[in-house]
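Residue-level listing of the chains:
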Amino acid sequence: MLVPILLLLPLCGFGSFFTLPYSDDDGPGFEDMFKTNNKSYENVAIQFDHPLPTWLRGTLVRNGPGQVEMGSRRYLNYFDGYAKLHSWTFPGNGSAFFTAKMIKSKSYLSSIEKKDIQPYLTFDGVSPPFDEVDRFKWMTLNNDDMNVNVFNYQNRTVAISDIWQMYEFDLKTLDTIGSVLPPTPPSKFSNIGKKSEMACAHPVPEYGKSSRFEIIKTLSLIPGTKDRLTVVRITSLDNTEIVAEWETEKSHYMHSFSVTENYVILFAAPYTISVMKMLETCSVGGGMVWDDEANTTIYVVDINTGAVHTLQTENVFVTHHINAFELQDGRIVMDLPTQKNPFAFNYYDFSYLSNQTDRMKILSLPILKRYTIDLRTKTVTKSVFKCGPKAPCACALEMPVFNENYRHLNYCYIYGMVVNYNGKGFSQIALVKKNVCNESGDLMYASLHQYFTEPWFVPTPGGKNEDDGVLLASAYDGDKRTSYLLMLDPKTMTEINRSYTPTMVPFNFHGRFFNMI
Ligand SMILES: [Fe+2]
């Protein structure tokens, strides 16, 4: 299942600190970003306004939906669109190249062949709805379209989602190589009546090693039997091993998790998956249940021993973990954009996205918090970050990224996007830099009728400061109705370069910069 992200909703410039020089709530062109564009491009030369830094050598890949209908049937939620990859390649000689291709997944190819959306597992439904035969197939075909994120395992690059299956692709051409199903390490528990297909779309590197951690969520299909969580170390796409596994009363939806030098930390919010409800509604989203009174359970897994520590904290929902690290006294620190509930997933429903009036209805706002876990006292403390005057919306960021050279370490800067940054609706998107060491360093970038997706920070090789580098973001100009790649100076959050693309780049969820070897 997919369910990426974004839950946002701040109200930043709302109020005394920040006033925009315009009044805008119509979001011209905003809906364009959520429409089909399945056109292919391969290494088309593109021009930037200004010379490119020669140290910038590699490829930025973004993943997200590229087609939202097939034949006369369309998806009801943007989350379910067929995956499309976009890339910007920088050889380091001043040139740049753009590539865009649909992922040739089984579900996509079979849908093309049938000229209709085939009933693979999706987050939401389709219009017109499937008939009874297809509803039965829906229960048997797994989610197959990886439109959420990209990652690399020892130079093999894959598109991923919140499931264990992946699609490998060629980084130079974005051609689909094929479906990949890494081996599932053998469990000490019985797998009778279980389904072990769910994972997280955000695997996390292990400290000081090339391996990654991932979570497998095993669903019980037999009422009365337990679900299971497994922390897995992936050393390559052909080699995995169990770090820890344990049974749970319910299966919690988790899209990401934290890793420090010695621990993997899971936030199991009371957002659980009911198989029965899923089958009843023929929808993954319809099978997810939020309990607004239950605590969130925190699992802290000792990477070295496999021991699992269980703690409790407030009722809170978390989509994306940011960075986590250990203090000298052994306490664990983790930063999280928190939500009061998971209802912001509904903002990707087309009935909301395409309704300008509805897009003004924002129900909740993310709150950036720091949780500190002390395993000796079994306590969890939390603090809410304050926002600085230059970017009073910065604490409401989502889609967080940071300098990956500082992963597992004490750090200062988070970059992200803020939706509804001025209180004027979903189409109002700002890019922000949150300084968690000193809020006076908070900065933001916003521009009239310009719509941004998650940024990515590329560090300068050998850079001395944490914010030495460039910030890249896929953007859409609502006035010109064209897409472009925006390059910001992370130190000032001001534009330093841009390049328009030969075609519209639909709204995309996540991506990554792969250094040229
Ligand atoms: Fe995500």
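Residues numbered from 1 in each chain as written. Predicted model: local features only at pLDDT ≥ 70, side-chain atom pairs only at ≥ 80, totals over all residues. Heavy atoms only, no water.

**Some points on the coordination of the iron ion**
- With distances of 2.0 to 2.2 Å, the protein atoms coordinating the iron ion are His202 (NE2), His255 (NE2), His320 (NE2) and His510 (NE2).
- For the iron ion, the four donor atoms are set out with angles of 94 to 149 degrees between them, so the coordination reads as irregular.
- Positions of the donor residues of the iron ion, expressed as sequence spacing, correspond to H-x52-H-x64-H-x189-H. Separated by 118 residues along the polypeptide, histidine 202 in the loop between β12 (194-198) and β13 (204-205) and histidine 320 in the loop between β23 (317-318) and β24 (324-326) bring together distant segments of the chain. The same class applies to histidine 202 as to histidine 320, namely buried. (Donors = N, O, S within 2.8 Å, 3.2 Å for Na, K, Ca; no water. Tetrahedral: all angles 85-135°; square planar, octahedral: opposite > 155°, others 65-115°. Helix = DSSP H or I, 4+ residues; strand = E, 2+ residues; numbered from the N terminus. Buried < 20%, exposed > 50% of the residue type's maximum accessible area, 1.4 Å probe, protein only.)

**Comments concerning unusual backbone geometry**
- Here the amide bond leading from serine 127 into proline 128 is cis, since omega sits at -5 degrees, within 30 degrees of zero.
- For proline 128, the position within the fold is in the loop between β7 (126-127) and α2 (132-140).
- Located in the positive-phi region is lysine 115, a residue other than glycine, with phi close to 55 degrees.
- With respect to the element layout, lysine 115 can be found in the loop between α1 (106-114) and β7.
- Of note, the phi angle at asparagine 420 is positive, near 65 degrees, even though the residue is not glycine.

**Notes on the side chain of threonine 372**
- Examined against the element boundaries, threonine 372 turns out to sit in strand β26 (residues 367-374).
- Sequence-distant contacts of threonine 372, defined by excluding residues within four places in its chain, comprise Arg331, Ile332, Val333, Thr379, Val380 and Thr381. (Contact = heavy atoms within 4.5 Å.)

**A short note on the sheet that holds strand β5 (residues 82-90)**
- Within the open sheet, the five strands sit side by side as β1-β6-β5-β2-β37. Their pairing is antiparallel. The outermost strands of the open sheet, each flanked by one partner alone, are β1 (41-45) and β37 (510-515). For this sheet, the mean inter-axis angle between neighbouring strands, taken without regard to orientation, is 20 degrees.
- Bridge analysis of β5 against strand β6 (residues 97-102) gives six bridges, and the strand direction is antiparallel. Note on β6: the bridge partner recorded for lysine 84 is methionine 102. (Pairing = 2+ DSSP bridges. Axes fitted to C-alpha atoms, helices over the stretch in contact; angles between N-to-C directions.)

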